[in-house]
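Chain and residue survey
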Amino acid sequence: MKHVDVLVRGAGIVGQSLALSLARLGLQVGLCAQAPRAGANTDAAPDVRAYALNAASVALLRGLKVWDALPAQAATPVYDMHVQGDARGAAIDFSAWEQQVGELAWIVDAPVLERELASAIRFSPHVHPMSAEQAQRVRCELTALCEGKESAGRAALGVGFERRDYGHSAVAARLVASRAHQGTARQWFRSPDVLALLPFDAPQPTRSYALVWSLPRERARELMALDDAAFAAALNDATGGEAGELQLASARAEWPLAIAQASAWSGPGWVLLGDAAHLVHPLAGQGLNMGLADVAALTRVIAAREPWRPLGDERLLRRYRRERILPTWAMGQVTDGLLQLFAQPAPAVRELRNRGLSLVNRLTPLKRWLTARALDT
Ligand SMILES: Cc1cc2nc3c(=O)[nH]c(=O)nc-3n(C[C@H](O)[C@H](O)[C@H](O)COP(=O)(O)OP(=O)(O)OC[C@H]3O[C@@H](n4cnc5c(N)ncnc54)[C@H](O)[C@@H]3O)c2cc1C
């Protein structure tokens, strides 16, 4: 191909979703995935993450005909969520029933979702997968950088990405429990660590969880170094048996955690989406939801453009940035604020935050409002 309308660089979930969304507008889209580095280990362990996706993300994937193609055990609905503070009795409960929605979120298998998107792309005549060399030569009106947090394209454009390292890492794994999860997600703010169990239906239907446990990096390394039995013992100690006896059902993986925001989101002929534009702590499970909201916003802006306006027009792309910058900034502040609040060891702060949790739990309208924000990033 010598010419495409849009070149999408990066074929993660955000890049693949954007390519399919723009193709549905009738645009010709080039999709450039990163070639594996020479000598890279092709037997690398599969991604053990499962993502909590909100209603807006599910609607986008459904519109792309990807959601309904997922195997049943790859997407599990969450009906209730139980969040515990670091004092006895301090907790907040969210429920789909109280919120008057079908479910609070869906927990989705990360590699299965990527595979399903790749398969939809194979059947999309308007999406043209290309190598890095082909992408260098192709002409396009707009380049969309969806290269994730280490985006080389962003760096080449001279766009800043000031990062604050939390000094924490997330340990992720799949688990099987002795009791059924009943569609309940559980989260413990244990100061300084945050532990989440996301209900899941694989490998064991009704009894599996995806674990995301963020801890100070030293402690995360110690946990990673333990054998499976010792790790499971530490996990069962941390969760106090509330989800039943937990056992590892996969390898463990570790991710360093940071918060960051790009200094510019767009310019003449280029735009940033997903983790290439913003990075948040996974405690609220919102990073990918934000990336998919970027995809929906950019697609809307492009679909509504004046017929004479080129796709790479700076003013057009600023409309996208204007729509996304505030919700993205706000989500960064909320996750960061929660983390800072629970990182404070002072007893007075501890007392206050735990009372705050219990208070919000009793204020139904505020709780509803908070849940509605999380359902639709
Ligand atoms: C432990 C953990 C749990 C999480 N849980 C949740 C959750 O529950 N819900 C949620 O919404 N979010 C969650 N997130 C966040 C989520 O993982 C990210 O926000 C999301 O994966 C970002 O997608 P992306 O496509 O922007 O970037 P990536 O997934 O990083 O994809 C970028 C792609 O671009 C490719 N690439 C890089 N450079 C180039 C290049 N130069 N040329 C071509 N291709 C390139 C990469 O190989 C990769 O395939 C979690 C994150 C972590 C660490």
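Residues numbered from 1 in each chain as written. Predicted model: local features only at pLDDT ≥ 70, side-chain atom pairs only at ≥ 80, totals over all residues. Heavy atoms only, no water.

Scanning all chains against the criterion turns up three aromatic pairs. With a centroid separation of 6.0 Å and 55 degrees between ring planes, the pair formed by W265 and Y320 is classed as tilted. Residue W265 is located in the loop between strand 15 (253–262) and strand 16 (266–267), and its partner Y320 is located in helix 10 (residues 314–343); the two are separated by 55 residues in the primary sequence. For W265, a relative accessible area of 1% corresponds to the buried category. One cation-aromatic arrangement involves R154 over F161; the distance from NZ or CZ to the ring centre is 3.6 Å. (Phe/Tyr/Trp six-rings, centres within 6.5 Å; stacked < 30°, edge-to-face > 60°. Helix = DSSP H or I, 4+ residues; strand = E, 2+ residues; numbered from the N terminus. Buried < 20%, exposed > 50% of the residue type's maximum accessible area, 1.4 Å probe, protein only. Lys NZ or Arg CZ within 6 Å of the ring centre and 35° of its normal.)

Neighbouring residues of the ligand: 24 residues in total, closest Q34, A52, D275, L288 and N289. At 3.1 Å from a nitrogen atom of the ligand is found a main-chain nitrogen or oxygen belonging to G285. Calculation on the ligand without its partners gives an accessible area of 1000 Å², and the protein chains cover 82% of this total. Mapped onto the shell around the ligand, the elements with two or more residues apiece are helix 1 (13–23), strand 3 (50–53) and helix 9 (287–303). Here the shell around the ligand is composed, by residue class, of 12 nonpolar, nine polar and three charged. (Near = heavy atom within 4 Å. Polar contact = N/O pair within 3.5 Å; in protein donor to acceptor, adjacent residues only side chain to side chain. Areas by Shrake-Rupley, 256 points an atom, 1.4 Å probe, with all protein chains shown as cover. Nonpolar A, V, L, I, M, F, W, Y, C, P; charged D, E, K, R; others polar.)

The next point concerns the pairing of strand 6 (residues 91–95). Buried residues dominate strand 6, accounting for four of its five residues. As paired elements, strand 5 (residues 80–84) and strand 6 share five bridges and run antiparallel to each other. Within the sheet, the bridge partner assigned to Q84 lies in strand 6 and is A91. Following strand 5, the chain reverses through six residues before pairing antiparallel with strand 6; G89 in that reversal takes a positive phi of roughly 85 degrees. (Pairing = 2+ DSSP bridges.)

In this structure, the amide linkage connecting S191 to the following residue, P192, adopts the cis form with an omega of 5 degrees. Tracing the chain through its elements places P192 in the loop between strand 11 (184–189) and strand 12 (194–200). Residue P203 is reached from A202 by a cis peptide bond, and omega for that bond is 5 degrees. Looking at where P203 falls in the secondary structure, it is placed in the loop between strand 12 and strand 13 (208–216). For S191, which is not glycine, the phi torsion reads 45 degrees and is therefore positive. Residue placement: S191 occurs in the loop between strand 11 and strand 12. Note on S191: relative accessible area 23%, which makes it partly exposed.

That is the geometry; function is a separate question.
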